[in-house]
Every structure is written in C-alpha cells, then in structure tokens.
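Residues per chain are reported as follows:
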Amino acid sequence: MNALIIGYGSIGKRHARILDQLGLNIAVASRRQVDHPNCFPDIQQALDIWNPEYIVISSQTHEHYRDFSILAEAGFAGVVLIEKPLFHEPRAIPENIFSRAYVAFNLRFHPVLKTLRAIVNGKKKIAAHSYVGQYLPKWRPKQDYRLGYSADRNRGGGVLRDLSHELDYLTWMLGKWQKVAALGGQFSHLQINSDDVYSILFKTNDCPIASLALNYLDDSLHRDVVIFTEDGTARANFVSGTVSFREKEELQINVDIDTTYLAQHKAVLQRDETALCNLDAGLGVSQLINAIETANQTGVWVELRD
C-alpha cells in the first residue's frame, strides 16, 4: 500500500517511521525541502504520481483545513487520518468522497486510558479532574521552542490545541459537553504569543462536574486523571503507567508513545473503529476549544447549541 504523509515535522516523521515499520511504501508532501527519498513539493503532484491509498495530514494546525480541502477537491477516495485537532477553528467539514476519515487522537490507544475507560464505563460519574503539563522548551530539545508552531497562535499553537487530547478523552468517556467556563492565556516568561496555561470547568451529558488544567510550564511531565463514581474512585497516571480503582491497582505498564501511534495505524488499516475518533467527534473537540476561548474572553458560561 502506498501512503502519503502531508507535512514532515516531528509528528510527520513519526508517522512515516511507524508506517514504514508496518510495511507501507511512504512518500512525503512538503512545501519545505526535506530529507526523504520520495518527496513531492505539493499535494496534487503527490496524488498524481504516488497514487496513495492512505494519507496522513500532519501539517501545522492552521494548515489542516486547507490540506483537507485540497484532498477533497482532488477527489481522493482513500483513507485519511488527520492530526489533532481537526481544524484550527470550527469549520464545516468539506464534502468529500474519502472511503474513511479519522482524527489522530492517539492517546485513545494508550493502555492506561483503555483500562480507565473500561472501569468507569456504565458507572454513574459524579466528578472528573484531569491535569497535564510539560515545560515547552523541553518538548523538542533539538529545536528552539520560540520557532516552533506551538509558540505561534497564528499557526495554531498554544496549549489548548497542543494538549487537546484531554478534551477528547474526557468527552469520549464522560459524554458530550453541555456548558463550559474557562480562564487562560499567556502569562509566563516563555517567549511565545500563544496561550501557555488554561483551567477549564465544564459539564457533560454523563458527568455534572469535570475540570481540566493544562500548561506549558511544568518542569516535569505530568498527565493524570481521577474520576469519582458511585462505585468508587478511579485514578490513572499516564507517566507512571498506572491505573487503580478503589485503591486497588488494576494496571502498571510503561509504554513508549510510539506504541499508541502503532496501535492507531493498525486500527485504521484493519478497519477497527472501536477507539478511532471520527470526523464528527473531532469537530466536536474543535467546537469545544472555540467555546473555551469564548468563555475565557467573555467571562461567562458558554452553552452548547444544538
């Protein structure tokens, strides 16, 4: 199978490496000059010459909608996986004839999250609290953090979009959001113009209270969540690889992040949609991000409109 990676930054290189391990033939479409044996300067040329069946959109966030639209207008009829978040801002999904399309929320394939979701599934949720933080200059040690897209809100950067995994998995486990309030912005010494910290409070269909704190500031990576149910408390820590319920350890496993990408690609190729994020769910996350920013700007609760 021929696969095409659109965008060849750090995440594009990861996708290319993993798909190569799976035995696919890889090409890259990049507007920059990059070191890859099969590289095309634009998407249309790649479609014409490489004839891919599977395409991964891993360009910068603000380019997602444009690249998605190019594929749709070109009549691409294969499978598409688009990196999270779906679009920089809520936009109607362009009409297309893709055979299947998904948003790459690979954290859904983490054993910790899979175990946690199985524990709380079917139980009455009372409250959930999630936290994720990591110091931005440590994210990509070989790159000046000030030059990356994360530092630039005009390129879709900012902690709210970069760490939108939490928004996805919380609504995946707790149901669609109903209303949200938030405080956030750029407050630290980091030389960026994108948001570096957010605190969010929201209500979902299945949980009356959910909170999320995320930032670019934590000296060491932390990513955990606690969910209170009527049957007991479930805790999960993605860094230590542990999950517990009623203080009883259910899982302790350390996995490389590549494991989640590998599992996600296998699910796409094998048509296993159990944990894959479809376009509607991905658009829902983009709409929630927009609501969070509106709540932050106005200082009032923002409710979901049908």
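Residues numbered from 1 in each chain as written. Predicted model: local features only at pLDDT ≥ 70, side-chain atom pairs only at ≥ 80, totals over all residues. Heavy atoms only, no water.

(A) Inspection of the pairing of strand S7 (residues 125-133) at higher detail. Here S7 runs beside strand S11 (residues 222-229); their pairing, made up of eight bridges, is antiparallel. Looking at the pairing, Ser130 lines up with Val225 of S11. For S7 and strand S10 (residues 209-215), the ladder comprises seven bridges, and the chain directions are parallel. From the neighbouring strand, Ala127 faces S10, where its bridge partner is Ile209. (Pairing = 2+ DSSP bridges. Helix = DSSP H or I, 4+ residues; strand = E, 2+ residues; numbered from the N terminus.)

(B) Representation of the packing of helix H4 (residues 111-120) against helix H6 (residues 165-174) within the structure. Running from amino to carboxyl end, H4 crosses H6 at an angle of 25 degrees, the nearest separation of the two axes being 10 Å. As judged from the angle between their axes, H4 and H6 are roughly parallel. Considering the relative orientation of H4 and H6, their crossing is right-handed. Contacts from Leu113, Leu116, Arg117 and Val120 in H4 reach Tyr169, Trp172 and Met173 in H6. Here the residues of the contact of H4 with H6 sort into six nonpolar, no polar and one charged. (Axes fitted to C-alpha atoms, helices over the stretch in contact; angles between N-to-C directions. Parallel < 35°, antiparallel > 145°, perpendicular 65-115°, else oblique. Left-handed = near helix turned anticlockwise from the far one by under 90°. Contact = heavy atoms within 4.5 Å. Nonpolar A, V, L, I, M, F, W, Y, C, P; charged D, E, K, R; others polar.)

(C) Broad picture of the sheet that holds strand S5 (residues 79-83). Taken together, seven strands build an open sheet; the order of strands is S3-S2-S1-S4-S5-S6-S15 and the sheet is mixed. Sheet topology places strand S3 (39-40) and strand S15 (277-278) at the edges, where each strand pairs with a single neighbour. Helix-sheet contacts for helix H2 (residues 43-50) involve strand S1 (2-6), strand S2 (25-29), S3 and strand S4 (54-57), and the interaxial angle to S2 is about 155 degrees. Taken strand by strand, helix H3 (residues 64-73) contacts S1, S4 and S5, and its axis lies near 160 degrees from that of S4.

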